[in-house]
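Survey of secondary and tertiary structure
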Amino acid sequence: MANRVYNFSAGPSMLPEEVLKKAAAEMLDYEGTGMSVNEMSHRSKAFEKINNDAQANLRTLLSIPDEYDVLFVQGGGTLAFAMIPLNLMTGSGKADYNITGQWAEKAYKEAQKFGDVRAIASSKDDKFTYIPKFTAGDLRPDIDYVHVTWNNTIYGTHYASVPDTGGRTLVTDMSSSILSEKIDVSKFGCIYAGSQKNIAPAGLTIIIVRKDLVGKAGENIPTYLDFKIHAENDSLYNTPPAWCIYIAGEVFKHLLERGGVEEMERVNREKAGKLYAYIDGSKLYRAPAAAEDRSLMNVVFVTGNEELDKKFVAEAKAEGLDQLSGHRSIGGMRASIYNAMPPAGVDKLIGFMRKFEKENS
Ligand SMILES: *Cc1c(COP(=O)(O)O)cnc(C)c1O
């Protein structure tokens, strides 16, 4: 028996045990092909089916309308920070970004290399503990798009609802929240997400983009970065991250079997709700994120005493509650509770927090 811990890492993070077991069982012989997906031509019938099924199941899970392309590419969120302006900031050459954390800031700085990019607002002065609200009136009239980071992985904040952009194209980085709650894809021009938080191993980036926004890149865009190339080739223009697409596909099937995104959202609200309720009721812990902006995926909390935080993380690890330290830039604790974190992991964490509070107050 494997001795598995509850892994609260922000990413790469836990994958469903059922999926890992299936992948292990199929490692030497995938469905009678006599080889692993790792060894398989991406032009083979078997892989073509893996690729098509993964896309179809993702479309079902998120109810992605037909007017959207789904692209499987590489480069993580970080390369997407450049792909977005290169593909979409090609009309007026302007875009507005809301600065809600380090990832939002990185996306904003990357986009500035390619055009006239402005910050709408920033919560940096308050250590990104909230999402600065904006209205359509705060946006420049002629921008190509507005960019928001849906879930701020490091600070534990997220958008609780879709901001009103007055009809302007909305682009969002959903790296750490995709498939955790229901979203209305039709409200977005483009949604992108790296795989390693809530989907699969690192190495795959999912891009969901409205078809009328594809094919607008300038002539000098590097071939790989052009959305059109991937859209026209079913994401098989060049060798894809085949293993990641296979695991992502297995995770999608697993989510469908569990009741889809709606059921995930119910469970995620329950998990996060319990944890926040415990933190709010305790004397030792505090969650710095503004209550209305709290993330369902990354729960950030502190004791207010750095030494005690360190002790907490070490003692939790000894009990099989691993990777609970906060991001190196802010310290404290962070429990990342993505889809694959079972409710029992959250219950065990709360039990430990209660015991630690008793022993240290
Ligand atoms: C992790 C993360 C990224 C960075 O992804 P890479 O794949 O490491 O480039 C970008 N945005 C958000 C919101 C993230 O959580």
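An account of the accompanying structure is given in this report. Here, residues in each chain are numbered from 1, in the same order as that chain's written sequence. In view of the model being predicted, local features appear only for residues whose pLDDT reaches at least 70, and side-chain atom pairs are presented and counted only at 80 or more, with totals across whole chains, interfaces and linings using the full set of residues. To get the side-chain values, all heavy atoms of the structure are used, and hydrogens and water are removed first.

Summary of the distance rule: residues count as near a molecule or strand when at least one heavy atom falls within 4 Å of that molecule or strand. Around the ligand, a shell composed of 13 residues is seen, among which T78, T153, D173, Q196 and K197 lie nearest. In this structure, K197 approaches the ligand through a side-chain N or O atom, which is 2.6 Å from an oxygen atom. The pocket occupied by the ligand, as judged from atoms lying within 2 Å of grid points, is the largest pocket. When residues of the shell around the ligand are assigned to their parent elements, the largest contribution, four residues, is made by helix α3 (residues 76-88). We define a polar contact as two N or O atoms separated by no more than 3.5 Å, with the added condition that, inside protein, one atom must be a possible hydrogen donor and the other a possible acceptor, whereas residues neighbouring each other in sequence contribute only through side-chain atom pairs. The rule is simple: put a 1 Å grid over the protein atoms alone, call a set of points where a 1.4 Å probe fits but cannot get out a cavity, call an open set with protein on both sides within 12 Å along at least five of seven lines a pocket, and count a residue as lining if it has an atom within 4 Å of a point. Cavities and pockets are treated as containing a molecule whenever more than half of the molecule's atoms lie within 2 Å of their grid points. Counting from the N terminus, the helices are the DSSP runs of H or I reaching at least four residues and the strands are the DSSP runs of E reaching at least two.

Gaps between atoms show up when a probe of the same size as a water molecule is rolled over them. Looking at the largest pocket, its volume works out to about 460 Å³. Residue lining of the largest pocket: 27 residues in total, with A10, G11, W103, T153 and K197 positioned closest to the centre. Of all the elements in the fold, those that place two or more residues in the lining of the largest pocket are α3 and α4 (102-112). Among the elements that line the lining of the largest pocket, the one with the most residues is α3, at four residues. Lys, Arg, Asp and Glu make up the charged group, whereas Ala, Val, Leu, Ile, Met, Phe, Trp, Tyr, Cys and Pro make up the nonpolar group; the residues left over, Gly among them, are polar. Class assignment of the residues belonging to the lining of the largest pocket gives a composition of five nonpolar, 17 polar and five charged. Grid points are joined across faces, edges and corners, and a volume is the space filled by probe spheres set on the points. Here the second largest pocket defines a volume of roughly 330 Å³. Along the walls of the second largest pocket sit 16 residues, with K127, R286, P288, V302 and I330 positioned nearest its centre. Here the residues of the lining of the second largest pocket sort into six nonpolar, six polar and four charged.

When you line up the elements, R59 lands in helix α2 (residues 45-62). For the exposure calls, accessible area comes from a 1.4 Å probe over protein chains only, and a residue counts as buried if that area is under 20% of its type's maximum, exposed if over 50%, partly exposed in between. His is not counted, nor are the chain ends; Lys and Arg add positive charge and Asp and Glu add negative charge. Put simply, a salt bridge is a Lys or Arg side-chain nitrogen that is within 4 Å of an Asp or Glu carboxyl oxygen. D66 provides the closest opposite charge to the buried, unpaired R59, separated from it by 4.8 Å. Any pair of residues with heavy atoms lying within 4.5 Å of one another is described as a contacting pair. Setting aside chain neighbours within four positions, we find R59 in contact with I64, P65, D66, Y68, D69 and V70.

The next subject is the nonpolar core. Ranked by size, the top nonpolar core spans 51 residues in total, and within it L58, L62, L179, I208 and F252 carry the most contacts. Counting only elements with at least two residues in this core, the list comes to α1 (17-25), α2, β2 (68-73), β5 (145-149), β9 (190-194), β10 (205-210), α6 (242-257) and α7 (260-281). Examining the composition of this core, we find that nine residues originate from one element, α6, more than from any other. Ignoring sequence-local partners within four residues, the contact set of I208 consists of L62, I64, Y68, D69, I178, V185, G189, C190 and I191. Listed in part, the 33 residues of the second largest apolar core include V299, A316, A340 and M341. What is meant by a nonpolar core is a set of buried Ala, Val, Leu, Ile, Met, Phe, Trp, Tyr and Cys residues, joined one to another through side-chain atoms within 4.5 Å.

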